[in-house]
Amino acid sequence: MNSSRRLFTIQLAALASALAASFKLNAKTGADVLLATNAPAKFNPADFLVSEKLDGVRAIWDGSTLKFRSGRTVNAPAWFLAKLPKTPLDGELWLGRGRFDEVSGMVRKNQAVDADWQQINYMVFELPGGEGDFTMRYSRIRLLTWGTQWDRLQPALQVRIPTMEGIRSELKRVVAAGGEGLMLHRANSHYVTGRSDALLKLKPTADAEATVVGHVAGKGKFDGMLGALEVKTEDGQRFRLGTGFSDEQRKSPPAIGSIVTYTYRDLTPSGKPRFASFLREFKEP
C-alpha cells in the first residue's frame, strides 16, 4: 500500500470513529443527544433560532436505523426508511398538534401499519455530529430534507425573533393554536449532547423529567388507587406528584423506575418544583 493510500485509509478510519463517537447508544441512557433546558426568566432572543415545540415522538436516524431516544429500534416500514438520507438526523415523528398519544401508539407497534406511517411526518431539527454552528446545520437540514422531494420528511421551521415582545407574541400564537410552546436553539452553538442551554424550551408552564421511586396509596375517592408518585430528579431532588392523573392512570400508574414528565410553575429556594403536576410517562418502546 502506497503512502497516500495508507493516509486515506487512516483518515477514513478516524472519520468513522468520530462519527460513531458522536452517536453513542447504550441500554441505560439511549441515544446521546441534545436535551433542552427550561428558558430562564431573562435571555437575549437575538442569540437563538426559534421553532415550535412539537408534541411528537423523538426519533434518531443514524443513516441506516431509526431509533427511539431510549436506543431501541423504531419498527418503521422499509419504504419509510428507504426515503431517508444516509446522513444522521434527529427529530420528531409527528402527526400534528395535540396528537401525541395517537402518534405514540402508531410508532410503538411491534408490526408497522402502512396506513399509520403514511400519515406520519419526520420533522428534523438537528444533525447529530454535524459540523459548524446551528445556523449552518439548519441550512444543511433544509437541503437534505428538501432534496429527498418527499413531503413526510421536513425541516422543523426555524425563524429569528430578535425581541422578547416578539417571543411572547409567538408563544401566545402557538399555544392558542394548540401547540405546546417554543424551542430556542442557540444560533452559534456547535453540536453538543446532554442537557444544555444551547437548546431552551419555553412553555406557559415549565416541564422536566424525573424517575419514579415510589407509589403512595390513595385515600378517600382514590382509595385502592394511586395517591401520588414519589419521584427523583436528575439533580437528586425528591418530591411527590399527586395531580394530573386520570382515573385510569391512578389504577395503573407508571412503574417504579420509569421516567415521567411533569409541569411546574417555578422552583422553591431549595430547588423543588412548585405546583408540580403529572404530564405523561416516557414509555420504552
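Conventions we followed
- Residues numbered from 1 in each chain as written.
- Predicted model: local features only at pLDDT ≥ 70, side-chain atom pairs only at ≥ 80, totals over all residues.
- Heavy atoms only, no water.
- Helix = DSSP H or I, 4+ residues; strand = E, 2+ residues; numbered from the N terminus.
- Pairing = 2+ DSSP bridges.
- Axes fitted to C-alpha atoms, helices over the stretch in contact; angles between N-to-C directions.
- Contact = heavy atoms within 4.5 Å.

> Summarise unusual backbone geometry; cite the residues concerned and give the values.
In this structure, Gln149 is a non-glycine residue whose phi angle is positive, near 55 degrees. In this fold, Gln149 is placed in the loop between helix H5 (134-147) and strand E9 (153-155). Phi at Phe275 takes a positive value of approximately 55 degrees, unusual for a residue other than glycine. Position of Phe275 relative to the elements: it lies in the loop between strand E15 (259-264) and strand E16 (277-282).

> Before we move on, could you go through the sheet that holds strand E4 (residues 48-52) and cite the residues and values that matter?
Strand order in the open sheet formed by four strands is E3-E11-E10-E4, with mixed pairing between adjacent strands. Where the open sheet ends on each side, the last strands, each with one partner, are strand E3 (34-38) and E4. Averaged over all pairs of adjacent strands, the angle between strand axes in this sheet comes to 40 degrees, irrespective of strand direction. Of the strand pairs in this sheet, strand E10 (residues 182-186) and strand E11 (residues 194-202) are connected by four bridges, and their pairing is antiparallel. Residue pairing in the sheet places Leu184 in a bridge with Leu200 of E11. Seen against the sheet, helix H6 (residues 164-176) touches E4, E10 and E11 and runs at an angle of roughly 140 degrees to E10.

Any link to function would need more than the numbers given here.
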